[in-house]
Amino acid sequence: MHLADFSVGSLGETSIVGSGIPVAAGAALGARMQGLDRVSLCFFGDGASNEGTFHEGINMAAVWHLPVIFLCENNGYGITTPLSAVTLVTDIASKAAAYGIPGVIVDGQDVLAVYEVVQTAVQRARRGDGPTLVEAKTYRFEEHAVHMGRDLGYRSQEEIAEWRMRDPLVLFRARLIDEFGFKPAVLEGLEIAAQDSIQDAIAYAQRSPAPLPHTAFTDVFA
Ligand SMILES: Cc1ncc(C[n+]2csc(CCOP(=O)(O)OP(=O)(O)O)c2C)c(N)n1
Ligand SMILES: [Mg+2]
């Protein structure tokens, strides 16, 4: 929730659940006004889909046919609250009907299925036909935050184990080998390189100085 990287077009995540939805619509409007063929891609959770920003942001993007994709990662929970406790709707994609845009459900454990659905939504956006709401059905293996510990009692260990059998990284790895002929050694090399870059990032963070207290108000406007 706290990352940004303009160098790859990531405008930033915010810790206010759902607040990225109208921002993504605004970025799409900005791209259109500048004549760029950019498409905004906005990720949010099932919990965010009950925020007012979801309704307002998607509705406005729809009526203005903005080039934006709203991608809801429905992992079944907002922290410890199951989706069924906060909406009677089981498919968030069905809410697209309220805005007159396509709502597409995709298996969020299937990397290539998600890629294809997003490609179709990108083409629609670039044609000027407007937004798509994509719902990726997925799951959160770990707790919302590491400090929360494990087995908090709001979901069963069986449920977690069942979803773990369909870990998207494991499934995609198998497909790369079986369908695309990747050598396991090549994938291991990629995994080691990824682990190394994570370790480097941790070491960099740990040896970097803490921010100075007086910078807490830098870039804060009120
Ligand atoms: C407006 C707002 N309300 C509450 C919170 C506290 N909060 C942080 S994450 C979260 C759950 C979000 O659930 P979901 O949208 O399903 O995303 P997930 O973490 O499951 O991907 C909540 C309630 C917040 N950050 N912002
Ligand atoms: Mg969620």
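What you see is a predicted model; the values in this text were computed from it and never measured. (Residues numbered from 1 in each chain as written. Chains lettered and ligands numbered in written order. Predicted model: local features only at pLDDT ≥ 70, side-chain atom pairs only at ≥ 80, totals over all residues. Heavy atoms only, no water.)

> Tell me about the coordination of the magnesium ion (ligand 2), and please be specific about residues and values.
All of the protein donors around the magnesium ion (ligand 2) are Asp-46 (OD), Asn-75 (OD1) and Tyr-77 (O); their distances to the metal are 2.1 to 2.2 Å. Donor residues for the magnesium ion (ligand 2), ordered by position in the chain, follow D-x28-N-x1-Y. Here Asp-46, found in the loop between β1 (40–45) and α2 (52–63), pairs with Asn-75, found in the loop between β2 (68–74) and β3 (77–78); they are 29 residues apart in sequence, far enough to count as distant. Overall, the relative accessible area of 2% leaves Asp-46 in the buried class. (Donors = N, O, S within 2.8 Å, 3.2 Å for Na, K, Ca; no water. Helix = DSSP H or I, 4+ residues; strand = E, 2+ residues; numbered from the N terminus. Buried < 20%, exposed > 50% of the residue type's maximum accessible area, 1.4 Å probe, protein only.)

> Give me the nonpolar core: which residues, what numbers.
Ranked by internal contacts, the top residues of the largest apolar core, which has 21 residues, are Phe-44, Phe-54, Ile-58, Phe-70 and Leu-133. Of all elements in the fold, only α1 (20–33), β1, α2 and β2 reach the threshold of two or more residues within this core. What Phe-70 contacts, discounting residues up to four positions off in sequence, is Ile-21, Cys-42, Phe-44, Gly-57, Ile-58, Ala-61, Pro-131, Thr-132, Leu-133 and Val-134. Formed by 11 residues, the second largest nonpolar core is a distinct cluster that contains Leu-71, Val-114, Val-117 and Val-122. (Core = buried A, V, L, I, M, F, W, Y, C linked by side-chain atoms within 4.5 Å. Contact = heavy atoms within 4.5 Å.)

> Break down the pattern of salt bridges for me, citing the residues and quoting the values.
Within this structure, the stated rule accounts for 12 salt bridges. The salt bridge involving Asp-107 is made with Arg-166; its shortest N-O contact spans 2.7 Å. Here the residue Asp-107 occupies a position in strand β5 (residues 103–107), and Arg-166 occupies one in the loop between α4 (157–164) and α5 (168–178), the gap between them amounting to 59 residues. Within this structure, Asp-91, Glu-135 and Lys-137 form a network of salt bridges that share partners. (Salt bridge = Lys/Arg side-chain N within 4 Å of Asp/Glu carboxyl O.)

> Tell me about the pairing of β2, residues and numbers included.
Burial analysis of β2 places six of its seven residues in the buried class, the great majority of the element. Bridge count between β1 and β2: six bridges; the pairing is parallel. Paired with Cys-42 across the strands is Phe-70, a residue of β2. With respect to chirality, the unit in which β1 leads through α2 into the neighbouring parallel β2 is right-handed. As judged from the six bridges shared by β2 and strand β6 (residues 132–137), these two strands associate in the parallel manner. (Pairing = 2+ DSSP bridges. Right-handed = clockwise from strand over helix to strand, strands pointing away.)

> Tell me about unusual backbone geometry, and name the residues and values.
In this model, His-65 sits at a positive phi of 50 degrees, which is unusual for a non-glycine residue. Mapped onto the elements of the fold, His-65 is located in the loop between α2 and β2. Despite not being glycine, Asp-219 has its phi angle at roughly 65 degrees, a positive value. Along the chain, Asp-219 falls in the segment after α6 (184–207). Classification of Asp-219 by relative accessible area gives exposed; the value is 66%.

> Give a description of the side chain of Thr-87 that names residues and reports values.
Following the sequence through the fold, Thr-87 ends up in the loop between β4 (81–82) and β5. Overall, the relative accessible area of 13% leaves Thr-87 in the buried class. In this structure the side chain of Thr-87 is engaged in a polar contact, spanning 3.1 Å, whose partner is the backbone nitrogen of Val-89. Setting aside residues no more than four positions away along its own chain, Thr-87 makes contact with Asn-50 and Lys-95. (Polar contact = N/O pair within 3.5 Å; in protein donor to acceptor, adjacent residues only side chain to side chain.)

> Go over the site of ligand 1, please, and point to the residues and values.
Near ligand 1 you find 14 residues, and of these Ser-15, Gly-47, Ala-48, Asn-75 and Tyr-77 are the closest. Residue Ser-15 places a main-chain N or O atom 2.6 Å away from a nitrogen atom belonging to ligand 1. Measuring from an oxygen atom of ligand 1, one finds a side-chain N or O atom of Asp-46 at 3.1 Å. Burial of ligand 1 by the protein chains amounts to 65% of its free accessible area of 580 Å². Grouping the constituent residues of the shell around ligand 1 by class yields six nonpolar, six polar and two charged. (Near = heavy atom within 4 Å. Areas by Shrake-Rupley, 256 points an atom, 1.4 Å probe, with all protein chains shown as cover. Nonpolar A, V, L, I, M, F, W, Y, C, P; charged D, E, K, R; others polar.)

> Requested: an account of the packing of aromatic side chains, with residues and values cited.
Tallied over the full model, the rule gives six aromatic pairs. Centroid distance Phe-54 to Tyr-99: 6.3 Å. Interplanar angle 70 degrees. Geometry classified as edge-to-face. With a gap of 45 residues between them, Phe-54 in helix α2 and Tyr-99 in the loop between β4 and β5 connect regions that are remote in the sequence. Each member of the pair Phe-54 and Tyr-99 is classed as buried. Arranged with centres 6.5 Å apart and planes meeting at 50 degrees, the rings of Tyr-139 and Phe-141 form a pair that is tilted. Owing to a relative accessible area of 17%, Phe-141 belongs among the buried residues under this scheme. An aromatic cluster is present here, built from Tyr-77, Tyr-139, Phe-141, Tyr-154 and Trp-163 joined pairwise through their rings. (Phe/Tyr/Trp six-rings, centres within 6.5 Å; stacked < 30°, edge-to-face > 60°.)

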